[in-house]
Amino acid sequence: RLTITEIPETQLPKEPSGAEISAALEAEARRMEIPERAAVFALCVEGRQMSSEKLAENLLAIASRGISRLVFIIGGSNGLAERIKDRADYRLSMSEMTFPHHLARVMLLEQIYRAFNISEGGKYHK
């Protein structure tokens, strides 16, 4: 079962200070509900890039530990609060390039589908 929860970005002034950005990210973090027993992936620029096969391998390893909930968090234009990244089990980067979060969502969903297909020995991944 897939659930997508979107938390609106906190509005900031045209040229926000570092403190204003930090406060906005913290406000967004407070609105997130992350289940206790879940594997959490934070998509962030300092995250690690991995192949589709490696993602499939990680998802299988998570399942073998009895964890059945996966949470993928995509930040807005200012990223994610540090405490959200600290909570994450994985820091994941899709690319060194920057993508709008709506496009990142589509790309992530395709990669999750691909990872499960790889794990099942399907023909989608070549």
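The structure under discussion appears in the preceding block.
Residues numbered from 1 in each chain as written. Predicted model: local features only at pLDDT ≥ 70, side-chain atom pairs only at ≥ 80, totals over all residues. Heavy atoms only, no water.

Topic: the sheet that holds strand 1 (residues 39–48)
Taken together, 3 strands build an open sheet; the order of strands is 2-1-3 and the sheet is parallel. Each of the sheet's edge strands pairs with one partner strand only, and the pair in question is strand 2 (70–74) and strand 3 (90–92). Neighbouring strand axes in the sheet, compared pairwise and without regard to direction, differ in orientation by 40° on average. The sheet strands contacting helix 2 (residues 52–64) are strand 1, strand 2 and strand 3, and the helix crosses strand 1 at an angle near 150°. Running at roughly 155° to strand 2, helix 4 (residues 101–119) makes contact with strand 1 and strand 2 of the sheet. (Pairing = 2+ DSSP bridges. Helix = DSSP H or I, 4+ residues; strand = E, 2+ residues; numbered from the N terminus. Axes fitted to C-alpha atoms, helices over the stretch in contact; angles between N-to-C directions. Contact = heavy atoms within 4.5 Å.)

Notes on the layout of surface pockets
The volume enclosed by the largest pocket comes to roughly 1500 Å³. T3, I4, L70, V71 and F72 are, among the 41 residues lining the largest pocket, the residues nearest its centre. Going through the elements one at a time, helix 2, strand 2 and helix 4 are the ones with two or more residues in the lining of the largest pocket. Here the lining of the largest pocket takes 9 residues from helix 4, the largest share from any one element. For the lining of the largest pocket, a count of residues per class yields 23 nonpolar, 9 polar and 9 charged. Taken as a whole, the second largest pocket spans an internal volume of roughly 470 Å³. Surrounding the second largest pocket, 23 residues form its lining, L43, C44, V45, G76 and F99 being those nearest its centre. Mapped onto the lining of the second largest pocket, the elements with two or more residues apiece are strand 1 and helix 4. Of the residues in the lining of the second largest pocket, the class split is 11 nonpolar, 9 polar and 3 charged. (1 Å grid on protein atoms, 1.4 Å probe; cavity = no way out; pocket = protein on both sides within 12 Å on 5 of 7 lines; lining within 4 Å. Points joined across faces, edges and corners; volume = space filled by probe spheres on them. Nonpolar A, V, L, I, M, F, W, Y, C, P; charged D, E, K, R; others polar.)

Thoughts on a nonpolar patch on the surface
Residues L2, I4 and L109 make up a contiguous nonpolar surface patch of roughly 270 Å² in combined accessible area. Here L109 lies in helix 4. Residue L109 is classed as partly exposed on the basis of its relative accessible area of 30%. (Patch = residues over 30% accessible without salt bridge, like charges linked within 9 Å, V, L, I, M, F, W, Y side chains within 5 Å. Areas by Shrake-Rupley, 256 points an atom, 1.4 Å probe, with all protein chains shown as cover. Salt bridge = Lys/Arg side-chain N within 4 Å of Asp/Glu carboxyl O. Buried < 20%, exposed > 50% of the residue type's maximum accessible area, 1.4 Å probe, protein only.)

Things to note about the pairing of strand 1
Across the 10 residues of strand 1, 7 count as buried, placing the element largely inside the fold. Sheet topology places strand 1 next to strand 2; 5 bridges connect them, and they run parallel. If you follow L43 over to strand 2, its bridge partner there is I74. The parallel pair strand 1 and strand 2, bridged by helix 2, forms a crossover whose chirality is right-handed. (Right-handed = clockwise from strand over helix to strand, strands pointing away.)

Let's talk about the pattern of salt bridges
Inspection of the entire model under this criterion finds 10 salt bridges. Residue E46 pairs with K85 through a salt bridge whose shortest N-O separation is 2.7 Å. Pair noted here: E46 is in strand 1 and K85 is in helix 3 (residues 82–87), with a separation of 39 residues, a long-range link. Accessibility expressed as a relative area gives 10% for K85, which makes it buried. Taken together, the shared-partner salt bridges in this structure form one network comprising E46, E82, K85, D86 and R91.

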